[in-house]
Amino acid sequence: MPRRPKAVELPAIGALDRSAGNLGRQLAQALREAVRSGGLKPGEFLPSTRLLAKSLGLARGTVVETFEQLTAEGILESQTGAGTRVAQALEVPFKTVGTTPFPIAVQQSVTLSPRATAFAKLAQQLTPLPPQPFSVSVPVGRTAPLDDWRRIGNRIRATAAGAPAGYDHPQGVPALREAVAEYIRRSRSVRCHPDQIIITSGTQQGLYLSCQVLLEAGDTAWVENPAYPGITSILENTGWRDRVARVPVDAEGIDVAAGIELAPQARAAFVTPSHQYPLGMPMSMARRKALLAWAQAHNAWIVEDDYDSEMRYAGHPFPSLQGLGPERVVYLGTFSKILFPSLRLGYAVVPEGMTAAFCGARALMDRHPPSADQHVLAAFIQEGHLDRHIRRIRNVYAERREQLVAMLERLLPAGLAWVQPCDQGLHLLVWLADSIDDCRLSAQALEVGVSVRPVSPMYAGKGRPGLILGLGDFSTEQTEAAAKRLADTISLV
Ligand SMILES: Cc1ncc(COP(=O)(O)O)c(C=O)c1O
């Protein structure tokens, strides 16, 4: 018989509060916390269910159930004949279960200016969620382009293109701009020459650059209501707080007539036409034409955030707005969704004549993106890997999406939470009953290892409560366990 590996001591687990009830749940939470804090390390064996039950004064069935629950969550794994241990896979991506991965210490010792105070507050708000269900854009399972990416990366880094070099051009390396131009021409009907492309460190930088280049102090900007916090945060914290016109969206996207009523002379409109963020509908052709007509008539700019349009499951992706009016549109694309967010590469396609202005603003910020990664990405696209990868992940996300919708429809408490139908993107929207505080609920979900974003803060004023749930290639068991925990959390509020 194989020797049972030495089990770890579990001092913290002794502190179960019998008066608080549900000891199994407390034990599960204590074990999650021990894993999260590093008290229990990946690969360490837990005492047997019999011993643990005895030492904690619990029924053995309670401990068995808890182990089963945490195994389904991917936190524990059982080894035939050897017992149960902390999942080895937690070594890297899951060590942050149950909390934000990069908590930022608030410095009490300095007096911050109002501007610095606002940035410090943003640092708390804009931290990523732990890479667990339902965090958006986590490259796990079949959605991670690992092998091809590594192979091409190794090859390029062994050549002059990937070798250490001097400063590069702020616009981005020509090979990548050419590859991107060709890709978005055929896949997104974007009309552009590579000279109109500026490689960015992702859409967030594209939005920031657009504000710097397109807006003067005192200019007004239209922003959808609700909207992506990435754009509202920039405008509200870099000088345009009182100059944001929040324009309502309806089933056809941004309500252009309402925008004209609110701020006819606005200098720019920030929109998500392919897949309104966060609500999910595409902008109708009538609205696209109306928006362009307004921009043309007022010499205003449209900033098109096209963040995940490749992922449309029923039919083809909607063509870009830029293709209808390249003279007035700054088109922003990103590789965060179709490849992975840590790459930090995206692009801005700017109207002819604006390239130099964007390059200058870009150089002031961070000169240029890392050249070697740009060459790796250029080769990845040119050699057909991106197209193949997109075809593959579209199938994976379609499958995961269908599965998650079915789970949620089965598990969510009726009358308190329901799924908004939508046929594209990497996230789902779950609406909550008006009585539910989605911010509090998201914090509670995080406590039980579920990553969701609240929707109400994306509205100006009092918002409708809801949750954004990212799709990912987490295992069916992990997804189901997270969906159950989320449903339980909603039921208990
Ligand atoms: C609406 C929207 N725009 C853009 C992005 C991507 O930003 P980035 O390219 O900076 O990663 C996201 C990511 O979640 C998004 O939701």
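Throughout this document, residue positions are counted from 1 along each chain, in the order its sequence is written. Only residues with pLDDT of at least 70 get local features here, since the model is predicted, and only at 80 or more are side-chain atom pairs given and counted; chain-wide, interface and lining totals rely on the full set of residues. Calculated side-chain values reflect all of the structure's heavy atoms, with hydrogen atoms and water omitted.

Caption draft 1: Focus on the overall build of the protein. Counting secondary structure elements, the protein contains 15 helices and 14 strands. For the protein, the C-alpha radius of gyration of 25 Å lies close to 23 Å, the compact-globule estimate for 493 residues. Over its C-alpha atoms, taken along the principal directions, the protein stretches across nearly 75 × 55 × 55 Å. The buried share among the 493 residues of the protein stands at 55%. Note on definitions: a residue-residue contact is assigned when non-hydrogen atoms from the two residues lie within 4.5 Å. Once local pairs closer than 6 in sequence are excluded, the contacts in the protein between residues at least 24 apart make up 75%. Under the DSSP-based scheme used, a helix requires at least four consecutive residues in state H or I and a strand at least two consecutive residues in state E, with every element numbered from the N terminus. The globule rule is 2.2 Å times the number of residues to the power 0.38, and the radius of gyration it is compared with is taken over C-alpha atoms. Throughout, exposure labels follow a simple rule: accessible area from a 1.4 Å probe, protein chains only, divided by the maximum for the residue type, with under 20% read as buried, over 50% as exposed, and the rest as partly exposed.

Caption draft 2: Spatial organisation of the pattern of salt bridges. Salt bridges are identified by distance alone: a Lys or Arg side-chain nitrogen within 4 Å of an Asp or Glu carboxyl oxygen. Applying the stated rule across the entire model yields 19 salt bridges. Salt-bridge contacts for aspartate 387 lead to arginine 186; the nearest nitrogen and oxygen are separated by 3.2 Å. Taken together, the residues aspartate 387 in helix H13 (residues 385–411) and arginine 186 in helix H6 (residues 174–188) connect sequence positions 201 residues apart. For the salt bridge of aspartate 250 with arginine 287, the shortest nitrogen-to-oxygen distance reads 2.8 Å. Placement of the pair is aspartate 250 in strand E5 (residues 244–250) and arginine 287 in helix H10 (residues 285–298), with a sequence separation of 37 residues. Here the salt bridges do not stand alone but share partners, grouping Arg142, Glu399, Arg400 and Asp473 into one network.

Caption draft 3: Examining the packing of aromatic side chains more closely. Each Phe, Tyr or Trp ring, with Trp reduced to its six-membered ring, pairs with another whose centre is within 6.5 Å; inter-plane angles below 30 degrees give stacked pairs, above 60 give edge-to-face pairs, and intermediate values give tilted ones. All chains considered together, the criterion is met by seven aromatic pairs. Taking 5.7 Å as the distance between ring centres and 80° as the angle between the ring planes, the aromatic pair formed by tyrosine 277 and tyrosine 307 counts as edge-to-face. Of this pair, tyrosine 277 sits in the loop between strand E7 (268–271) and H10 while tyrosine 307 sits in the loop between strand E8 (301–305) and strand E9 (329–334); the two residues are 30 residues apart in sequence, bridging distant segments of the chain. The exposure class of tyrosine 277 is buried, given its relative accessible area of 12%. With a relative accessible area of 8%, tyrosine 307 lands in the buried category.

Caption draft 4: Spatial organisation of the packing of H13 against helix H15 (residues 476–492). Across the interface, H13 lies against H15 with an axial gap of 10 Å and an inter-helix angle of 35°. Like other packed secondary-structure pairs, H13 and H15 cross with a definite hand, here right-handed. Across the interface between the two elements, Arg400, Gln403, Leu404, Met407, Leu408, Arg410 and Leu411 from H13 touch Thr476, Thr479, Glu480, Ala483, Lys484 and Ala487 from H15. Ten residues, namely Ala, Val, Leu, Ile, Met, Phe, Trp, Tyr, Cys and Pro, are considered nonpolar, four, namely Asp, Glu, Lys and Arg, are considered charged, and the remaining ones, Gly among them, are considered polar. Residues of the contact of H13 with H15, tallied by class, amount to six nonpolar, three polar and four charged. In this analysis, axes come from line fits to C-alpha atoms, helices being fitted only over the stretch in contact, and the angle between any two N-to-C directions falls in the range 0 to 180 degrees. Handedness of each helix crossing follows the sense of rotation of the near helix against the far helix: counterclockwise by less than a right angle gives left-handed, clockwise gives right-handed.

Caption draft 5: View of the environment of threonine 159. Summarising the element assignment, threonine 159 is placed in the loop between helix H5 (146–157) and H6. The exposure class of threonine 159 is partly exposed, given its relative accessible area of 34%. Between the C-alpha atom of threonine 159 and that of alanine 372, which follows or precedes it by 213 residues, the distance is 9.8 Å. Each polar contact in these results corresponds to two N or O atoms within 3.5 Å; when the atoms are within protein, one needs to be able to donate a hydrogen and the other to accept it, and residues that are neighboring in sequence are counted only if both atoms are side-chain atoms. A distance of 2.7 Å separates a polar atom in the side chain of threonine 159 from the backbone oxygen of isoleucine 156.

Caption draft 6: Just the domain arrangement of the protein, in detail. Residue ranges labeled as domains rest on an automatic or database domain assignment. When cut into domains, the protein gives domain 1 (11–91), domain 2 (114–141 + 390–492) and domain 3 (145–387). Taking the mean C-alpha position of each, domain 1 and domain 3 sit 46 Å from one another.

Caption draft 7: Representation of the packing of helix H7 (residues 203–214) against helix H8 (residues 229–237). The interhelical angle for the contact between H7 and H8, taken along N-to-C directions, is 35°, at an axis separation of 10 Å. Remark: the crossing between H7 and H8 carries right-handed chirality. Contact residues: Gln204, Leu207, Tyr208 and Cys211 in H7; Gly230, Ile231, Ile234 and Leu235 in H8. For the contact of H7 with H8, a count of residues per class yields six nonpolar, two polar and no charged.

Caption draft 8: Structural detail: the site of the ligand. Taken together, Gly202, Thr203, Gln204, Tyr228, Tyr277, Asp305, Tyr307, Thr334, Ser336, Lys337 and Arg344 form the complete shell of residues around the ligand. Taking glutamine 204, its main chain carries an N or O atom lying 2.9 Å from an oxygen atom of the ligand. Note on areas: these come from Shrake-Rupley sampling with a 1.4 Å probe, and a residue is covered only by the protein chains present in the view. For the ligand, the accessible surface in isolation is 400 Å², of which the surrounding protein chains cover 88%. When grouped by side-chain class, the residues that make up the shell around the ligand number three nonpolar, five polar and three charged. Near residues are defined by distance, with any heavy atom within 4 Å of the molecule or strand qualifying the residue.

Caption draft 9: Structural detail: the nonpolar core. In terms of nonpolar packing, the biggest core is built from 62 residues, with Ile184, Phe335, Tyr347 and Leu469 touching the most fellow members. Those residues in contact with phenylalanine 335 that lie beyond four places of it in its chain are Val180, Phe340, Leu343, Leu345, Gly346, Tyr347, Leu377, Ile381 and Leu386. In terms of nonpolar packing, the next biggest core, distinct from the first, is built from 30 residues, Trp222, Ala258, Val455 and Ile468 among them. By convention a nonpolar core is built from buried Ala, Val, Leu, Ile, Met, Phe, Trp, Tyr and Cys residues, the set being connected through side-chain atoms within 4.5 Å.

Caption draft 10: Unusual backbone geometry, seen in detail. The step from proline 133 to phenylalanine 134 runs through a cis peptide bond, and the omega angle for that step is 10°. Positionally, phenylalanine 134 belongs in the loop between helix H4 (114–125) and H5. Residue tyrosine 277 is joined to proline 278 through a cis peptide bond whose omega torsion reads 10°. Residue position: proline 278 is located in the loop between E7 and H10.

Caption draft 11: Representation of the side chain of aspartate 306 in the model. Inspection of the secondary structure puts aspartate 306 in the loop between E8 and E9. Polar contacts involving the side chain of aspartate 306 include one to the side chain of arginine 188, which spans 2.7 Å. Other than its neighbours up to four places away in sequence, aspartate 306 contacts Arg188, Ser274, Tyr331, Leu332 and Gly333.

Caption draft 12: View of the side chain of threonine 203. Within the element layout of this structure, threonine 203 appears in helix H7. Leaving out residues up to four positions away in the same chain, threonine 203 has contacts with Asp305, Leu332, Gly333 and Thr334.

Caption draft 13: Representation of the pairing of E8 within the structure. Burial runs high along E8: five of the five residues are buried. Across four bridges, E7 lies against E8 in parallel orientation. The partner of alanine 269 across the bridge, within E8, is isoleucine 302. Pairing between two strands requires that DSSP report at least two bridges joining them. Two elements, E8 and E9, share four bridges in a ladder whose sense is parallel. If you follow isoleucine 302 over to E9, its bridge partner there is valine 329.

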